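# What the coordinates show
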Amino acid sequence: MAKQVWTATGRRKRSSATVRITGGTGNITVNGIDANEYFPNKILVMDLTQPLYATDNANRFDVEVNVKGGGYSGQAGAIRLGIARALLKFDANTDQSREDSYRKILKANGFLTRDARVKERKKYGLKKARRAPQFSKR
């Protein structure tokens, strides 16, 4: 019998991540590379695994991620949102009014909220989005 797969998408800044979780031992691969090797900072790996630890699933699922765009921080945030959404799909058949439902746990920790902050566009006549050219009186 084929393994059951739960797929979800997460986005942050300019990054977009497609996350697939399957039953396993807790391996996380990002673009075919182990997450600890892909990300230069261990804090980013800790950040993207937070939904798994909050729901006590750190060693229960294998996570396979395809991520593109943005920098490491945005990619880690996109992966975290994707993992949280995939866990919701896994837990969809249980009663959502229970205190130990994944939805309540993830929502209380803020893992289901998409961070909508993106870089503001540059305006003409300015050096950046809001930075005006230096003014010289004389």
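Presented here is an overview of the structure given in this document. Bear in mind that the values here come from a model prediction, so they are computed numbers and not experimental data.

A grouping of K119, R121, K122, K127, K128 and R131 is seen on the molecular surface, where their side chains present a positively charged patch. Considering the arrangement of structural elements, one finds K122 in the segment after α5 (102–109). Owing to a relative accessible area of 46%, K122 belongs among the partly exposed residues under this scheme.

Moving on, we get to the sheet that holds strand β3 (residues 28–30). Pairing is mixed in the open sheet, where five strands are placed in the order β1-β2-β5-β3-β4. Both outer strands of the open sheet, β1 (5–12) and β4 (33–34), are each paired with one neighbouring strand and no more. Pairing of strand β2 (residues 15–23) with strand β5 (residues 61–68), which is carried by eight bridges, proceeds in the antiparallel orientation. Pairing of I21 across the sheet is with V63, part of β5.

Bringing unusual backbone geometry into the picture now. Despite not being glycine, K13 shows a phi value in the positive range, around 50°. Secondary-structure assignment places K13 in the loop between β1 and β2. A positive phi angle is found at D56, which is not glycine, with a value near 60°. Tracing the sequence through the fold places D56 in the loop between α3 (50–54) and β5.

Here the focus is the nonpolar core. Counting residues in each nonpolar core, the largest one holds 29 residues, and the members touching the most others are V30, F39 and I79. Of all the secondary structure elements, the ones that give two or more residues to this core are β1, β2, β3, α1 (35–38), α2 (42–48), β5, α4 (72–90) and α5. Among the elements that line this core, the one with the most residues is α4, at seven residues. For I79, the residues in contact, after removing those within four places along its chain, are A17, V19, V30, F39, L48, V65 and V67.

Two strands pair when backbone bridges link them, and β1 and β2 are joined in this way by eight bridges, in the antiparallel orientation. Looking across to β2, one finds that G10 is bridged to A17. The antiparallel pairing of β1 with β2 creates a hairpin that spans two residues between the two strands, and K13 there sits at a positive phi of about 50°.

Further remarks concern the environment of F39. Topologically, F39 is positioned in the loop between α1 and α2. The buried category is assigned to F39, whose relative accessible area is 2%. Distance from F39 to N109, taken between C-alpha atoms, is 23 Å for residues 70 residues apart in sequence. Sequence-distant contacts of F39, that is, excluding residues within four places in its chain, are made with V30, L44, V45, L48, Y72, Q75, A76 and I79.

Moving on to the pattern of salt bridges. Working definition: two side chains of opposite charge can pair if their charged atoms are close together. Inspection of every chain in the model, using the stated rule, returns five salt bridges. A salt bridge links R12 to D115, with the shortest nitrogen-to-oxygen separation between them at 2.9 Å. Of the two residues, R12 is situated in strand β1 and D115 in the segment after α5; the sequence distance between them amounts to 103 residues. Its relative accessible area of 22% is what places D115 among the partly exposed residues. Here D47 makes a salt bridge to R80, at a shortest N to O gap of 3.0 Å. One end of the pair, D47, is in helix α2; the other, R80, is in helix α4, with 33 residues separating them in the sequence. Note on R80: relative accessible area 23%, which makes it partly exposed. Look at the salt bridges and you will find they share partners, linking R12, D115 and R117 into a network.

Definitions and cut-offs
- Residues numbered from 1 in each chain as written.
- Predicted model: local features only at pLDDT ≥ 70, side-chain atom pairs only at ≥ 80, totals over all residues.
- Heavy atoms only, no water.
- Patch = residues over 30% accessible without salt bridge, like charges linked within 9 Å, V, L, I, M, F, W, Y side chains within 5 Å.
- Areas by Shrake-Rupley, 256 points an atom, 1.4 Å probe, with all protein chains shown as cover.
- Salt bridge = Lys/Arg side-chain N within 4 Å of Asp/Glu carboxyl O.
- Lys, Arg positive; Asp, Glu negative; His and termini not counted.
- Charge placed at Lys NZ, Arg CZ, Asp CG, Glu CD.
- Helix = DSSP H or I, 4+ residues; strand = E, 2+ residues; numbered from the N terminus.
- Buried < 20%, exposed > 50% of the residue type's maximum accessible area, 1.4 Å probe, protein only.
- Pairing = 2+ DSSP bridges.
- Core = buried A, V, L, I, M, F, W, Y, C linked by side-chain atoms within 4.5 Å.
- Contact = heavy atoms within 4.5 Å.

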